[in-house]
Structures are given as C-alpha cells and as structure tokens.
Amino acid sequence: MTKRSSRSGRCRVFLAPLDICGIFSSYTAGLRAIGHDAEFLDLSNPSYSTWNHRESAAFIRIAEWAYFKAHKHLDTSFWKYRFYAYQYMFLSHALVVWIALRFDAVVIKSGHTITGRDLEIWLYKKCGVRIIATYHGSDSRPPYLAPNVAGLSVDELYERTVKTKTELDHVRSFADIIVDNPLSAHNQTGPCCIYQVLGNPIGPHKLDLIEEAKSQALSRSRRENRDSEILCLVHAPSSVELKGSDRIRDALRDLERDGYTFDYVEITGRPLAEVMDVLGNADLVIDELFSDMHGAVFAQEACCFGCPVIVGGYGIEDLNSVVPEEARLPTYFTHPDRIKDAIRVLLDNPAARSKLANDAQNFTKTYGDYRAVAARLIKLIDGSAPPSWFFDPYEIRYVSGVAGSRESVRRSIELVVSKFGPAGLLMDDKPTQREALLEFIEYRRPQSSGGRC
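The sections below set out a description of the structure shown in this document. From a predicted model like this one, the values you see are computed outputs, not experimental measurements. Residue numbers here run from 1 along each chain, matching the order of that chain's written sequence. Only residues with pLDDT of 70 or above have their local features reported here, since the model is predicted, and side-chain atom pairs are shown and tallied only from 80 upward, although totals for entire chains, interfaces and linings are computed over all residues. In computing side-chain properties, one takes all heavy atoms of the structure into account and sets aside hydrogens as well as water.

1. Some details on the sheet that holds strand E1 (residues 12-16)
So, point 1. Sheet architecture is open: seven strands sit in the order E2-E1-E3-E4-E5-E6-E12, paired in mixed fashion. With one partner strand each, in any of the chains shown, strand E2 (37-40) and strand E12 (390-391) form the two edges of the open sheet.
So, point 2. Two strands are counted as paired when DSSP detects at least two bridges linking them. To qualify as a helix, a DSSP run of H or I must reach at least 4 residues; to qualify as a strand, a run of E must reach at least 2; elements of each kind are numbered from the N terminus. Relative to strand E4 (residues 130-134), strand E3 (residues 105-109) runs parallel, the two being bridged by five bridges. By the bridge assignment for E4, Lys-109 is matched with Thr-134.

Here it is as structure tokens:
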C-alpha cells in the first residue's frame, strides 16, 4: 500500500468528479466491497449517474448540494447562482484539504480535478496522494479520428484537436498513472495502463436491475408457456448515426428477404431499467458497428445476461496485439462490412451462440466483476501492477478511428491536413504514427521546385 495506508492494509481512495455509464460509482462500490475506504464526489447530471448520494460522507453531500443549487439557478437568478457558486467554491477547496490529509489516492475522470486549480495538485503531491487519471475514448482521442458529424469547420476541428492535446499534456505532467484505451490514446506521451486491463465494472445498482429483468423475463416465459424458436435481436444505440444503426437495419432487412425470421427490438433514449428489461428478453445483441474496443459498457451489460453480443470495428488485430486475452470481453467481433454475415452465422448456429453466452457470463462473474476491477485498481494505486498492464502510445499504428466508416474518418483527417498540413495532426513527436495517418489519406507532399540558378 501507499506510505500513509493503515496497518490493516486498507487503502483510502477518493474518486471524482463525474460518473460515466456508472463506471465511477462501480469503482467506489467495488473498493468498499473488498475492504477499502472509498468516497465519491459525483457532480454528474443525475440522469446519467447510478450513484446513490446518500452513501457519500456528509461533507461530500453538502458540497454536491451547493454545486447543484448553483447550476439550478444558472439561468434563472444571477444572485442565487453567485451565492451557491461561492458556497461550492469554498466547500470544494475545503474538500481538497480533507482529501489531501486523509486519502492515499485520488482517481479522476479525464484528468478533471475538483477545483481546476494547480494548487489542488500541489497539495496532493505535498501530502503524498497518488493520482490516477482514467480516459474513456473521446476525452483523449484526437477529434479528427472520428467522423465530423457536427459539421465543424476546419478551424474548429483543429482548435478541438489542440485543446485535447494540451489538456492531456497538462494531466501527464502531474498524474502518477494514466489509464487509456490503446486504440484511442494517440495523444498520450508516456506509458499508459491498458484500459481493458482495468476494465468496465458493472456495479451493484445495475446488477440488481439485471437480476430483476432476468426474473421478470423468466416469469413471463413460464406464464405464457413459450418455447418459441424465433430469436429476439436487440440493438440499443445511444446515437443511431455513430453506432452504424442504418447499416445494421439494412443487414437485418436483407436477412429477412433471405428467409430468416426473428423479432427485432431497437430502443434509444430510454431509462436504464427499461433497457435492462429489453435485454432480459434478448437472444442476440448487436451493439455497434464502429467500435475500437472488444465491447464497451452496453456490451458488457448484455454479457451479464449471458447474451451473445456482436460488435463491429476495424481494429481487432491492433486490439489483440496489446490487450491480454483474459481482459478481452468475449464478443463476436466483426468487420463492419461483414455485419450481415456475422448475424447470419449466429442465427444459424445455436452452439456458437451458446458458447458466446457462456463465455460472456463467465467473464462478467470473474475478470469483469466490479470487485475484481477494484482489486486491479488497488494494484495501480499501490504500485504492484505488472509491466504487462501497460502500453507505449508511441507504438500505436491504428488509423481507422471510431464511430464511423473508414471513409468518414478519412475525410475528417483530410480536412485538417488540407489546411494545416501534416503538422496539423499534432503527431510530430510520433513520426511513424503521423506517416501511417498520412498514408491512410494518401497524402502527397508538395513537390519542391528544385530549380537551379
């Protein structure tokens, strides 16, 4: 453990300031479940978080109350906003002092500190607090490695690229450990823990919903005495554009024309409990078409049901060259152009579906269990994580991005290079990666005139 841990071996960890897909609340629950002291300052939009704020210390709840009060009056009352904002500013600084004096480590999402001030970092360092920064894809990936769906101008896209790079460099200057996905960590400039090794935990709140959904699905099946051979296929995109939903729908229509019969359920923008209820009746889940992971949080939620999951993407060879086998979520990973064939294979092969389902459920009960994730987080904190958990971002060669076809990502890269040249990629410190990107867009350098006097 760290030098200030108690003799009992308990580590004291503070997590902040945002939940994302329930990950940070699950970290906290996992740490507590395996006997460590953990607290979580959750300033997330309440509709996005799974954290029960009543489980936080009173000091934290008061600070959260002031923060949300300020934001409630942001557009309604200038003076009320200022009153609560100043309250939160005072409480957040007092909270930082408490953290520095009491905790062994802080785990921060995307490098966001509580106060946003360098004084906070200085105090943590002075008091021997270890800092772990976790990244989750879009918060570290160069913006041009995703389709320009917002229609940004070339200047806006470049400004976002510079901003992302600048923020990462700042966090690198103070974080003891950085956790990132090897296929989105192009901007990193030092060793990173492989995100998949730490893993996406599914915490107690979601697990309760999952068990309830399983129970209800079983009850309905028994009540209706169903033994149907018609499979239920589920797709639940957070964004139909970014998840490739149109291509998935086209593939399913083609299969129906080929004579396949199945039920198809698509659900978007619904409460978590409703999504879990749909998964409880699923026989096959089609997650997304353009992923740079074996499967993200939704795929892992489906795996908790023992449901086979299809994930599309271009980077399976790159992923498997870095991510240890035991850390790979067991999904059916397919090239986006072969999504129809992937669905057909699993429709035709009950044994393949069964194996995927068993592997998925075993993974979520062992390596992917939120307590196992927390135990690995402790290894990062106490410095006992093995070298095999880390990767060198200077060895990244992946160029196909995420959330869109290779063609759409290529256009995004071309937009930046067309005005700012190769230097606009901000990859001059990684010449091999820069050349891979330029080769991907078939960039031709301007020819020198080479004239003689």
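2. Regarding the pattern of salt bridges
So, point 1. By salt bridge we mean one thing: a side-chain nitrogen of Lys or Arg within 4 Å of a carboxyl oxygen of Asp or Glu. Tallying each qualifying case throughout the model produces 25 salt bridges.
So, point 2. Lys-214 is the partner of Glu-211 in a salt bridge, and the nearest nitrogen-oxygen pair spans 3.5 Å. Of this pair, Glu-211 and Lys-214 both sit in helix H7 (residues 204-224), three residues apart, roughly one helical turn.
So, point 3. Accessible area is worked out with a 1.4 Å probe on protein chains only. A residue is then buried under 20% of its type maximum, exposed over 50%, and partly exposed in between. Classification of Lys-214 as partly exposed rests on a relative accessible area of 25%.
So, point 4. For Glu-274, the salt bridge is made with Arg-270, and the minimal N-O distance between the two is 3.1 Å.
So, point 5. Residue class for Arg-270 comes out partly exposed when judged on its relative accessible area of 44%.
So, point 6. Put simply, Arg-32, Glu-39 and Glu-55 are held in one network by salt bridges that share partners.

3. Some details on the pairing of E3
So, point 1. The buried fraction of E3 is high, at five of five residues.
So, point 2. In E3, alternate side chains face the same way, and those of Ala-105, Val-107 and Lys-109 on one face and Val-106 and Ile-108 on the other are all buried.
So, point 3. Bridge analysis of E1 against E3 gives four bridges, and the strand direction is parallel. When the sheet's bridge partners are listed, Leu-15 is paired in E3 with Val-107.
So, point 4. Following the chain from E3 across helix H4 (residues 118-126) to the adjacent parallel E4, one finds a crossover that is right-handed. For the handedness criterion, the strands are oriented away from the viewer, and a crossover whose path from the first strand over the helix to the second runs clockwise is classed as right-handed.

4. As for the nonpolar core
Note on soluble globular proteins: their nonpolar side chains tend to be buried together.
So, point 1. Counting residues in each nonpolar core, the largest one holds 117 residues, and the members touching the most others are Phe-14, Ile-114, Tyr-124 and Ile-343.
So, point 2. Any pair of residues with heavy atoms lying within 4.5 Å of one another is described as a contacting pair. What Ile-114 contacts, discounting residues up to four positions off in sequence, is Phe-14, Ala-16, Leu-41, Tyr-88, Ser-92, Leu-95, Val-96, Ile-99, Glu-120 and Tyr-124.
So, point 3. Nine residue types can take part in a nonpolar core, namely buried Ala, Val, Leu, Ile, Met, Phe, Trp, Tyr and Cys, and a core is a set of them joined through side-chain atoms within 4.5 Å. Membership of the second largest hydrophobic core comes to 16 residues, among which are Val-409, Leu-437, Phe-440 and Ile-441.

5. Side note on the packing of aromatic side chains
So, point 1. Pairing of aromatic rings covers Phe, Tyr and Trp, the last through its six-membered ring, and needs centres within 6.5 Å; plane angles under 30 degrees mean stacked, over 60 mean edge-to-face, and all others mean tilted. For the coordinates displayed, the defined rule picks out 15 aromatic pairs.
So, point 2. Look at Phe-24 and Phe-40: their rings are 6.2 Å apart centre to centre, the planes differ by 40°, and that puts the pair in the tilted class. Taken together, the residues Phe-24 in helix H1 (residues 23-33) and Phe-40 in strand E2 connect sequence positions 16 residues apart. Of the two residues, Phe-24 and Phe-40, both sit in the buried class.

6. Some thoughts on helix H12 (residues 339-348)
The α-helix advances 3.6 residues per turn, and as a result positions three or four apart in sequence lie on the same side.
So, point 1. Ile-339, Ala-342, Ile-343, Leu-346 and Leu-347 are the residues of H12 that are buried. Down the axis of H12, the buried side of the element spans an arc of 130°, and every buried residue falls inside it. The arc in question is the one traced by the directions running from the helix axis out to the C-beta atoms.

7. Some words on the environment of Leu-242
So, point 1. Residue position: Leu-242 is located in the loop between strand E7 (231-235) and helix H8 (245-257).
So, point 2. In the structure, Leu-242 is positioned 93 residues away from Val-149 in sequence and 8.5 Å away in space, judged by C-alpha atoms.
So, point 3. Ignoring any residue separated from it by four or fewer positions in sequence, one finds Leu-242 in contact with Val-149, Phe-290, Ala-403 and Gly-404.

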